[in-house]
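Descriptive structure summary
Residue strings, one per chain:
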Amino acid sequence: MGCCGSSEGKRDWKPLEERSCTDIPWLVIFTVFCIGMGCICGFSIATGAASRLVSGYDSYGNTCGQKNTQIDGIELSGRDQTDKKFVFFLDPCNIDLINRRIKSIALCVSRCPDTELQTYTDVKKFALANGSELCSYDISPTRYPSHPDRSIKCPKLPVPPSKSLPVFHRCFPVDVACYAEFAKAFITFVSDNSVLYRLVAGVMASKEIIMGLCLLALVLSMILMVVIRYISMVLVWILTVLVVLGSVGGTGVLWWLYVDHRKALQDQTVSALGKEVASDNVQALMVYAIGATIFTVVLLLLMFFMRKRVALTIALFHVAGKVFTHLPLLVLQPFWTFLTLMLFWVYWLGVLLFLGTAGSPVKNEQTGLVEYHMSGPLQYMVWYHVVGLIWISEFILACQQMTIAGAVVTYYFTRDKSQLSLTPILTSVLRLIRYHLGTVAKGAFIITLVEIPRLFLTYIHSQLKGKENACARCMLKACICCLWCLEKCLAFLNQNAYAATAINSTSFCTSARDAFVILVENALRVAAINTVGDFVLFLGKVLIVSCTAFAGVLALNYQRDYTVWVLPLLIVCLFAFLVAHCFLSVFEMVVDVLFLCFAVDTKYNDGSPGREFYMDKALMEFVENSKKMAGRPQEGPAREMKPMTSGGTLA
């Protein structure tokens, strides 16, 4: 991996000057874990689980399309099914919705019935003509019409025509009306086919409009990123003023309603019951008004103390726009991350299905049929596989964060922007692969440690819903909320730790500690960026969705082929939100990395010869204005560059 000796002993802050491998033990642990994931896949393939999933198997443990060995206690096992490559269900419409499986005897056949078979005589003729026996193996085709157990060991009449799936060799009826159980599950929504038909017809008739609106959402997202750069000052201050006015106005309205209801209660002559209800309303309004007043006072105090910090948010937005000008391929990072995640999830789901057919054949005493179950230590492979889903998914997301952080750090700490490499993002990816995979693996594992118990508690809460008492329900919800908040805080700290690693090539723990110190020293500025900035980006997402939905209403209004727009419009709005979230989440990440770089730059440089700032002109103007407003003279002699953990708070 190109790893070399660690430089943890050197704590001088030298952005981009030295590179060394970080968290090598964690890279080894993660590699071993991934090898374990591969061994699970190999085990499922070697034990025949993969072939049973793809080729299918009958109810007696015979894998279709190959020779089989005898299973003890199963009379019809161990058959040669080389010529019988398809799985046929005697009653394919008998579906168990709870356990998500077909409750029917399965047989290996050489051909799926392509026409409807009305009688057992038709089943007999089909078997003799095509060599595909649709009844149990112990019944001769000539005895189909007269066998006493034909209602159990032969398919349910009439046998609908069916086709085999393109990959999984199962015979499934082509008549969708066969799946009556599925219709029952959706009966409350559909009630009749007209609603479903109109929804589907609406989507098909408007597919060109849907594609056009999705493209519009993409264009609007790109335009918004440009707009935020050039009118960030006006946008941020307008939104800030609107929030303050909204809070003050809402508080005033609540107090006015409280006074009005209290006066009406005193003046009106109502019954005792009506007076009790009105009194409760007055008390509720008083509580709401007091709560809103406290919130407004806290908000005004925060705005007062952070009024100077809002200018930093504006400057960072402006510089973030320049970053995307120099590094336009940053906007494609969510696409590559999503593609990688999809490929991994498909692999993970395939292996999970393999594990569902792995294990030893076991005879079900109630039905007498064969089922495959894993016993002993093998059953824990599923849990190992689940942990792998979370850890590797978080690892892929962390790689995106490290890639973006590396590219932004390179941009920030390169004084002459014309000297930037032609492919800074590719350089960041190569640097990640060569030096920092261990750091990313460690950060992803920490998130996994919090996410697993949260998901476990969520699952318990869903399973016990309606059964536990109120106290237990509140405790579970409180634990879930606490773990969710902890996960979000750790994710934010991890992102800044990756940026610190990209700057100074330190291990995860060292980078996280250094980043935490910087964030604490600049707590008010962090609060301003994560409130004002995130609120601006959230409103940007809402704006894109609203504009796309408005355009969708105007466009769909001219479609006269159908009357239901709900599904097409929901599809468009969902896609618009996802696109806006992908673009603006990258923008938000760039702003956070820029702030950490700015904080480090101003902490260890003072603009004197030999200690010149790296920052952009917009940030330089912010620093100069801050000094003028504070009435401070220019800094004295240059300070010696120290580790991030030393003192020196940003004024």
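Quick caveat: nothing in here was measured; it's all calculated off a predicted structure.

Re the side chain of Ser 162
- Relative to the helices and strands, Ser 162 resides in strand 5 (residues 162–164).
- Apart from the residues within four sequence positions on either side, Ser 162 is in contact with Cys 112, Pro 113, Asp 114, Cys 171, Phe 172, Pro 173 and Val 174.

Considerations on helix 16 (residues 508–521)
- The end-to-end C-alpha distance of helix 16 is 20 Å, a good match for the 20 Å that 14 residues give at a rise of 1.5 Å each.
- Those residues of helix 16 that fall on the buried side of the exposure criterion are Phe 508, Thr 510, Ser 511, Ala 512, Asp 514, Ala 515, Ile 518, Leu 519 and Glu 521.

A few points about the nonpolar core
- Leu 330, Tyr 412, Phe 587, Val 590, Leu 594 and Leu 619 are the most contacted members of the largest nonpolar core, which totals 81 residues.
- No other element matches the 18 residues that helix 18 (residues 566–604) contributes to this core.
- For Phe 587, the residues in contact, after removing those within four places along its chain, are Met 225, Ile 228, Phe 317, Ala 320, Gly 321, Phe 324 and Leu 537.

Thoughts on the state of the cysteines
- Overall, the coordinates contain three disulfides when judged by the stated rule.
- In this model, Cys 112 is linked to Cys 171 through a disulfide, with the two sulfur atoms separated by 1.8 Å. Between Cys 112 and Cys 171, the S-S torsion sits near -75°, and that sign places the bridge as left-handed. One end of the pair, Cys 112, is in the loop between strand 4 (106–109) and helix 3 (120–130); the other, Cys 171, is in strand 6 (residues 171–173), with 59 residues separating them in the sequence. For the pair shown, Cys 112 and Cys 171 are each scored as buried.

Some details on the confidence of the model for the protein chain
- Here the protein chain averages 76 in pLDDT, while 76% of its residues score no lower than 70.
- Taken element by element, the predicted model of the protein chain shows its lowest mean pLDDT in helix 6 (residues 187–190) (39) and its highest in helix 1 (residues 24–46) (91).
- Overall, residues 1–11 carries pLDDT values under 50, and its contacts beyond four positions in sequence, including any with other chains, amount to 28 contacts.
- Confidence drops under pLDDT 50 across residues 632–651; counting only partners more than four residues distant or on other chains, this segment forms 52 contacts.

Comments concerning a nonpolar patch on the surface
- On the surface, a nonpolar cluster with roughly 1,100 Å² of combined accessible area is contributed by Leu 215, Leu 218, Val 219, Met 222, Ile 223, Val 226, Val 227, Tyr 230, Ile 231, Val 234, Ile 238 and Leu 242.
- When contributions to the nonpolar patch are tallied by element, the ones reaching two or more residues are helix 8 (207–230) and helix 9 (232–267).
- When residues in the nonpolar patch are grouped by element, the largest group, eight residues, is from helix 8.
- Note on placement: Tyr 230 falls in helix 8.

Concerning the packing of helix 12 (residues 333–356) against helix 13 (residues 381–412)
- Put simply, helix 12 and helix 13 touch, their axes get as near as 10 Å, and they point 170° apart. When the axes of helix 12 and helix 13 are compared, the pair comes out roughly antiparallel.
- Within the contact of helix 12 with helix 13, the residues separate by chemical class into 16 nonpolar, eight polar and no charged.

A look at the environment of Val 109
- With respect to the helices and strands, the residue Val 109 is situated in strand 4.
- Remark: the alpha-carbon pair of Val 109 and Cys 135, spanning 26 residues in sequence, is separated by 9.5 Å.
- Setting aside its immediate chain neighbours within four residues, Val 109 contacts Lys 84, Lys 85, Phe 86, Phe 88, Ser 132, Glu 133, Leu 134 and Cys 171.

A closer look at the packing of aromatic side chains
- Tallied over the entire structure, the rule returns twelve aromatic pairs.
- Judged by centre distance (4.9 Å) and plane angle (55°), the ring pair of Phe 33 and Trp 391 falls under tilted. Note that Phe 33 is positioned in helix 1 and Trp 391 in helix 13, a separation of 358 residues in sequence.
- On the basis of relative accessibility, which here comes to 10%, the residue Phe 33 falls in the buried class.
- Assessed through its relative accessible area of 3%, Trp 391 is described here as buried.
- Where Phe 335 meets Trp 336, the ring centres are 5.0 Å apart and the plane angle is 70°; that geometry is what we call edge-to-face.

Focus on helix 3
- Three or more residues of helix 3 are buried, namely Tyr 120, Val 123, Phe 126 and Ala 127. Projected down its long axis, helix 3 shows its buried positions confined to an angular sector of 115°, all on one face. Opposite the buried face of helix 3, by more than 90 degrees, sit the exposed residues Lys 125, Leu 128 and Ala 129.
- Taken together, the buried residues of helix 3 touch helix 4 (150–153).
- Count one or two residues on from helix 3 and you reach Gly 131, which has phi positive near 70°.

Digging into the pattern of salt bridges
- This model, assessed by the stated rule, comprises five salt bridges.
- Where Asp 23 meets Lys 442, a salt bridge forms, and the shortest distance between an N and an O atom there is 4.0 Å. Here the residue Asp 23 occupies a position in the segment before helix 1, and Lys 442 occupies one in helix 14 (residues 424–463), the gap between them amounting to 419 residues.
- Take Asp 23: its relative accessible area is 12%, and that puts it in the buried class.
- Here Arg 454 ties to Glu 487 by a salt bridge, and the two come within 2.8 Å at their closest N and O atoms. With Arg 454 in helix 14 and Glu 487 in helix 15 (residues 470–504), this pair connects stretches of sequence that are 33 residues apart.
- Arg 454 sits in the buried class, given a relative accessible area of 15%.

Some thoughts on the environment of Met 589
- Structurally, Met 589 can be placed in helix 18.
- In this structure Met 589 comes out as buried when scored by relative accessible area, which is 8%.
- Excluding residues that lie within four positions of it along the chain, Met 589 makes contacts with Gln 400, Gln 401, Ile 404 and Gln 495.

Quick look at the pairing of strand 1 (residues 86–89)
- Burial along strand 1 is two-sided: the residues Phe 86 and Phe 88 and Val 87 and Phe 89 are all buried.
- As paired elements, strand 1 and strand 4 share four bridges and run antiparallel to each other. From the neighbouring strand, Val 87 faces strand 4, where its bridge partner is Cys 108.

About the criteria used
Throughout, a residue's number is its position along its own chain's written sequence, starting from 1. In keeping with the model being predicted, local features are shown solely for residues with a pLDDT of at least 70 and side-chain atom pairs are shown and tallied solely at 80 or more, while totals for entire chains, interfaces and linings include all residues. Hydrogens are left out, water is left out, and the side-chain values use all remaining heavy atoms of the structure. Numbering of helices and strands starts at the N terminus; helices are DSSP runs of H or I of at least 4 residues and strands are runs of E of at least 2. Contact criterion: two residues are considered in contact whenever any of their non-hydrogen atoms come within 4.5 Å of each other. Expected span, for any helix, means 1.5 Å times one less than how many residues it has. Only protein chains enter the accessibility calculation, which uses a 1.4 Å probe. A residue is then buried if its area is under 20% of the maximum for its type, exposed if over 50%, and partly exposed in between. As used here, the term nonpolar core means buried Ala, Val, Leu, Ile, Met, Phe, Trp, Tyr and Cys residues forming a set that is joined through side-chain atoms within 4.5 Å. Put simply, a disulfide is two cysteine sulfurs that come within 2.5 Å. As a per-residue measure, pLDDT tells how confident the predictor is, with possible values from 0 to 100. For patches, a residue must show more than 30% relative accessible area and have no salt bridge; joins then use 9 Å for like charges and 5 Å for nonpolar side chains, namely Val, Leu, Ile, Met, Phe, Trp and Tyr. Throughout, the Shrake-Rupley method with a 1.4 Å probe supplies accessible areas, and for residues the shown protein chains are the sole cover considered. We define a salt bridge as a contact between a side-chain nitrogen of Lys or Arg and a carboxyl oxygen of Asp or Glu at a distance within 4 Å. An axis is simply a line fitted to the C-alpha atoms; with a helix, the fit covers only the stretch in contact. Between two such axes, the angle follows the N-to-C directions and lies from 0 to 180 degrees. Throughout, the term roughly parallel applies to angles under 35 degrees, roughly antiparallel to angles over 145, roughly perpendicular to angles from 65 to 115, and oblique to all others. Amino acids outside the nonpolar list (Ala, Val, Leu, Ile, Met, Phe, Trp, Tyr, Cys, Pro) and the charged list (Asp, Glu, Lys, Arg) are all regarded as polar, and Gly is one of them. Between 30 and 60 degrees the pair is tilted, below 30 it is stacked and above 60 it is edge-to-face, where a pair is any two Phe, Tyr or Trp rings, Trp via its six-membered ring, whose centres lie within 6.5 Å. The reported arc concerns the directions from the helix axis to the C-beta atoms and nothing else. Whether two strands pair depends on DSSP finding at least two bridges between them.

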